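Observations on the model geometry
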Amino acid sequence: MQNRIKYWKGIEELENTPEFAKNAHNEFPEFLPINAANGETESAGVTAPRRDFLKLLGFGLAAATLASCEAPVRKAIPYLNKPVDVEPGVANWYASTYYNNGDYNSILVKAREGRPIKIEPNPGSTLTPMGTSPKAQASVLSLYDNNRLRTPLIKGKEAKWEQVDSEIRAALSRVNGKVAFVSSTVISPSTKQLINEFGAGLGNFEHVTYDANSASALIGANGGLVPGYDFSKANIIVSISADFLGTWVSPIPFAKQYIQNRKPTADNPNMSRHYQFEAIMSLTGANADVRVPIKPSDELAVVKALYNGLSGQGASAPANVDKKAIDAAIKDLKANNGRALVVSGSNDPAVQTLVASINKTIGAEGTTIDTAAPYFVKQGNDAQMIRLIEEMNNGGVGAVFFYNANPVYDHPLAERVISGLKRVGLKVSFADRVEETAALADYVTPDNHYLESWNDYEPKRGFLSLAQPVISPIFMTRQAQDSLLAWSGNKTTYYDYIRNNWRKAAAGDFNAFWEKAVHDGVLQNGTSMLAVNAGAASTMTAADAAGRATKAAAGNSIEAVVYEKVAIGTGAESNNPWLQEMADPITKATWDNYITMPRKMAEEMKVVQGDVLKVSFGNGKSFELPALVQPGQAQGTVGIAMGYGRQVEAMPVAKGIGANAFPIATVADNAILYTGAVQLEKTNSTIEIAQMQTHHTIMDRLVVQENTLAKYKENPKEVTEYIRLATHEGPAKPSTISLWEDYEYKNHHWGMVIDLNSCIGCGACTISCQAENNIPVVGKQEVLNRREMHWMRIDRYYSSVEHEAKDYQTMENPAENPSVIFQPMMCQHCNHAPCETVCPVAATMHSSEGINQMAYNRCVGTRYCANNCPYKVRRFNWFAYANNDKFDYNMNNDLGKMVLNPDVTVRSRGVMEKCSFCVQRVQLGKLEAKRENRRPVDGEIVSACAQSCPTNAIIFGDMLDPESRISKTLVREKGERAFHVLEELNVQPNVTYLTKIRNLA
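Residues numbered from 1 in each chain as written. Predicted model: local features only at pLDDT ≥ 70, side-chain atom pairs only at ≥ 80, totals over all residues. Heavy atoms only, no water.

Notes on the nonpolar core
- The biggest cluster of nonpolar side chains holds 210 residues, and the ones touching the most others in it are Y229, V238 and F277.
- The dominant element in this core, judged by the number of residues it contributes, is helix α10 (residues 299–310), at seven residues.
- What Y229 contacts, discounting residues up to four positions off in sequence, is L218, W248, F254, Q257, L341, V343, T368, I369 and Y375.
- By size, the runner-up hydrophobic cluster in this structure holds 40 residues, among which are L172, F205, L484 and L485. (Core = buried A, V, L, I, M, F, W, Y, C linked by side-chain atoms within 4.5 Å. Buried < 20%, exposed > 50% of the residue type's maximum accessible area, 1.4 Å probe, protein only. Helix = DSSP H or I, 4+ residues; strand = E, 2+ residues; numbered from the N terminus. Contact = heavy atoms within 4.5 Å.)

Re the sheet that holds strand β4 (residues 115–121)
- Strands sit in the order β2-β3-β4 across an open sheet of three strands; the sheet is antiparallel. In the strand order of this sheet, the two ends are held by β2 (92–100) and β4, each with one partner. In this sheet, adjacent strand axes meet at a mean angle of 35° when their direction is disregarded. (Pairing = 2+ DSSP bridges. Axes fitted to C-alpha atoms, helices over the stretch in contact; angles between N-to-C directions.)

A few points about the sheet that holds strand β12 (residues 340–344)
- Spatial ordering of the open sheet is given by β11-β10-β9-β12, a layout of four strands whose pairing is parallel. Every other strand in the sheet has two partners, leaving β11 (290–293) and β12 as the edge strands with one partner each. In this sheet, neighbouring strand axes are inclined to one another by 10° on average, regardless of whether the strands run parallel or antiparallel.
- Relative to strand β10 (residues 273–278), strand β9 (residues 236–240) runs parallel, the two being bridged by five bridges. For S239, the partnering residue across the bridge sits in β10 and is Q276.

Things to note about the pairing of β2
- Inspection of the sheet shows β2 paired to strand β3 (residues 103–112) by nine bridges, in the antiparallel sense. The residue bridging N92 from the neighbouring strand is A111, located in β3.
- With antiparallel pairing between neighbouring strands as the criterion, β2 and β3 make up a hairpin whose turn holds two residues, including N101 at a positive phi of roughly 50°.

Digging into the environment of G102
- Mapped onto the elements, G102 comes out in the loop between β2 and β3.
- Separated by 111 residues in the primary sequence, G102 and N213 place their C-alpha atoms 9.6 Å from one another.
- Once residues within four sequence positions are removed from consideration, G102 is found in contact with V249, S250, P251 and V377.

Thoughts on the packing of aromatic side chains
- Applying the stated criterion to the full structure yields 38 aromatic pairs.
- Pairing Y494 with Y497 gives two aromatic rings, centres 6.1 Å apart and planes at 20°, and the pair type is stacked. In this pair, Y494 and Y497 are both assigned in helix α17 (residues 494–502), three residues apart and thus about one turn of the helix distant.
- Assessed through its relative accessible area of 1%, Y494 is described here as buried.
- These aromatic residues form a ring-pair network of at least three members: F181, F198, F205, F401, Y403, F430 and W487.
- Geometry around F510 places R503 over its ring, the cationic atom sitting 4.2 Å from the centre. (Phe/Tyr/Trp six-rings, centres within 6.5 Å; stacked < 30°, edge-to-face > 60°. Lys NZ or Arg CZ within 6 Å of the ring centre and 35° of its normal.)

Description of the side chain of N892
- By the element assignment, N892 lies in the loop between β35 (875–876) and β36 (912–913).
- Note on N892: relative accessible area 17%, which makes it buried.
- Separated by 3.5 Å, the side chain of N892 and the backbone oxygen of N884 make a polar contact.
- Among the polar contacts listed, one links the side chain of N892 to the side chain of D888, at a separation of 3.1 Å.
- Residues contacting N892, with those up to four places away along its chain left out, are N883, N884, D885, F887 and K897. (Polar contact = N/O pair within 3.5 Å; in protein donor to acceptor, adjacent residues only side chain to side chain.)

Comments concerning the pattern of salt bridges
- Applying the stated rule across the entire model yields 41 salt bridges.
- The residue E391 makes a salt bridge to K178 at a minimum N-O spacing of 2.8 Å. Of the two residues, E391 is situated in helix α13 (residues 382–393) and K178 in strand β7 (residues 178–183); the sequence distance between them amounts to 213 residues.
- For E391, a relative accessible area of 23% translates into the label partly exposed.
- Its salt-bridge partner being R934, residue E940 comes within 2.8 Å of it at the nearest N-O pair.
- We classify R934 as partly exposed; its relative accessible area is 30%.
- Residues joined in a network through salt bridges with shared partners are K118, E120, E772 and R921. (Salt bridge = Lys/Arg side-chain N within 4 Å of Asp/Glu carboxyl O.)

Notes on the packing of α13 against helix α15 (residues 414–421)
- Two numbers describe how α13 lies on α15: the axes approach to 7 Å, and their chain directions differ by 40°. The orientation of α13 with respect to α15, classified from their angle, is oblique. Regarding α13 and α15, the two cross each other, and that crossing is left-handed. On α15, the residues touching I389, E390, M392 and N393 of α13 are R416, V417, S419, G420 and L421.
- Taken together, the residues of the contact of α13 with α15 break down into four nonpolar, three polar and two charged. (Parallel < 35°, antiparallel > 145°, perpendicular 65-115°, else oblique. Left-handed = near helix turned anticlockwise from the far one by under 90°. Nonpolar A, V, L, I, M, F, W, Y, C, P; charged D, E, K, R; others polar.)

Side note on the packing of α10 against helix α12 (residues 349–361)
- In the contact formed by α10 and α12, the axes pass within 10 Å of each other and the chain directions differ by 25°. By the angle between their directions, the pair α10 and α12 is classed as roughly parallel. Where α10 crosses over α12, the handedness of that crossing is left-handed. Judged by residue contacts, E299, L300, V303, K304, L306, Y307 and L310 of α10 engage A350, V351, L354, V355, S357, I358 and T361 from α12.
- Looking at the contact of α10 with α12 residue by residue, the class counts come to ten nonpolar, two polar and two charged.

So this is what it looks like as structure tokens:
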């Protein structure tokens, strides 16, 4: 049996301060009153008088009564001429592609009555056949952003396309100097060809590619391309600051590969071992078997130690880095020649040069690196962009076009970009709104949303995909490619341009080939169409790199890491409220930017969470952000996320949140390093950080379970702890002792299995659930008030193991480098549901197929069910979130409401809601099968969370079907890894978890 492991959700629970202990078990805390005057929420920290407490208790019934009296008028306009392919109530599906800053997803788009409402993975893709990223899931909401430009602009004023085209063509005919086309990485073969043809007619032309989070050093060290990494073939993975499961290069394909070797079974009890060396606690680091905190300045030294150890020169690790971990990594890499992989997220050319040499030494090329199929998702060239900035300042650039590029905001040399643009005669932006760079442009020619556009993509050599318009342009926007064709004097539409370009890949009847490609969305026959013109390969040798001296922060400076969040990314989609309210996988914070810092540093500075710190860096610049104490962060470092600090009016959701961290990044050797020296100064201000999951304590109960691979191999039946209750007949299973009779399921019994080894904590399922079930966004204050509405959450637990006489209190710095485990948590659909027994109006009840159901129009808002739920997964509508200016996100304007799923009701205030196992999908699948006179086939009915999971961690299905995946999994894992959360309560959940196994060194 495993040693009992101690888990905690955050520093506040670990320390168990009196303030935390006072409120941790309070179901309805006193500091959450309702203002007597207007119903608004008062600020946290105010003590409620007695009559406010009584008002709180009576609110549910009153709100439900008022809501039932309201009958809003809804007008329905019938079709006069119904489109042939649209049937009211029946969804249409279109294959398409989502791509942004390396985040590539081949997708299917669900449309209802002409409205795109949901993103799903395209199972026909071999690169991303399962799951999507959170940003891809949320991208459908960006289509209905009311702040997108409706027309082109000339000098900030609305104009007609005819006038814009005429003036731009005239300006190009008399341009003096270079014409530069600045874009982020373009992986569209047709777009890249069109850009080159556009430039060919201008003479002095250059296409400059730069990425807001650059991988320029990685590209240079590997011959001008991102290597074709294949994590599925690696027994040993060593990562130095590469968050390849979250934000680095192309996380969705990497996650799919990575998890293939992370699912041990009794028949095949093997899994890869993952070492992670990093400064901040990243999503990838949280999933590692061995994680070692290091400073950014130690990255080169760690890579040198690996390089020297593998080349027989002896490993000499930095003094403040765990030498045992480095020695173990070297030993494992040597023992797994041809089955190992080393990656680095550093943009230091010396680091990447040594990593490339290490991969050659360990035989990675041709095995764990597919040399024939490199990735194209990152092509940015830092040196090229830096040179262009200087050319603009020297007056050598006559015209510049910005396509998916915003250097005024996200380039470290933004001030030089601004000064340079003042000397450029013609400035054109394709931005969909007036963002930082577009505000300085002479012309803003807004691009279509990708769901309104035709395009093609090649993320990896030989893997082609298409995007097709799912809806006509909502505004008077125009696809950027059509604008380039118009300014070139080419009357061809971009659709025809793509078709003509794809003829080279066709064999036989082109029309039949094209129709199949559009239908499937992918073409994976080894054909490559993308002409990659990334920068020349680096000339630095491994010997040169190994001779480089490491540089630490000067003086008493602290090393700051500018990192990318899983949801917000580089900030391009930060105006999306779904992404802003998504809890960060590690910190669980929403709606904020903050400074992550190690516990020891916080104690030395006498800083507690929420204290505002002044961050000072180069040339007297500074900003202020609140502190968040982060377990596992390297000493002497802080982390600050990029993508925040937006101040433009066209981004009201993101405006004023946090600070822009890009200026902290430094430029050295023509490369952008996302780290810099900073000084911290404590101010007298505080800012509350809104965090999910930290509202309740687990009170040392057995909620998540984990064990080691060594013990699993020894005896798989002893890795999971099962609760037994004492009876007069001896220890007994909790399920054998009950006051209730068990349900008998005759037709279907729906359930879910969640593999904790497969769940990487990315959060895609939470956004998918939000989109599918019309879950409202409530904003920062309501999250602070513990009123978030997400039906499912990803609980993140830190853990430490008891050793000998050490207990929870005396353990030496358990927060310095804890282990992390993720656990998706939603309604458990208990067979003996505590919520059902206490509802006075039977609003929550059990179906004949095992689903815990909610009858919204019966609920009177007593909230007894939430109080009685041990999993805390039920959500109460304190307010009407739709048509409410206090929650101005997407449910109070006609455009934003277009994203709503018509199969799911929009709940009113005063009622309780929670996960329904996507009952609308269950019913649809059953009806489709009934129409064909058969039973549903396993895999036809999948919940939204399971559909969006990129690692297949969630299995949903019928437990009465012996051939279903869920039934086979439960049979295989019974008595081994399968367990129920809080089994001792005997609520008999229909959600089963599989114990996490760690492959420790």
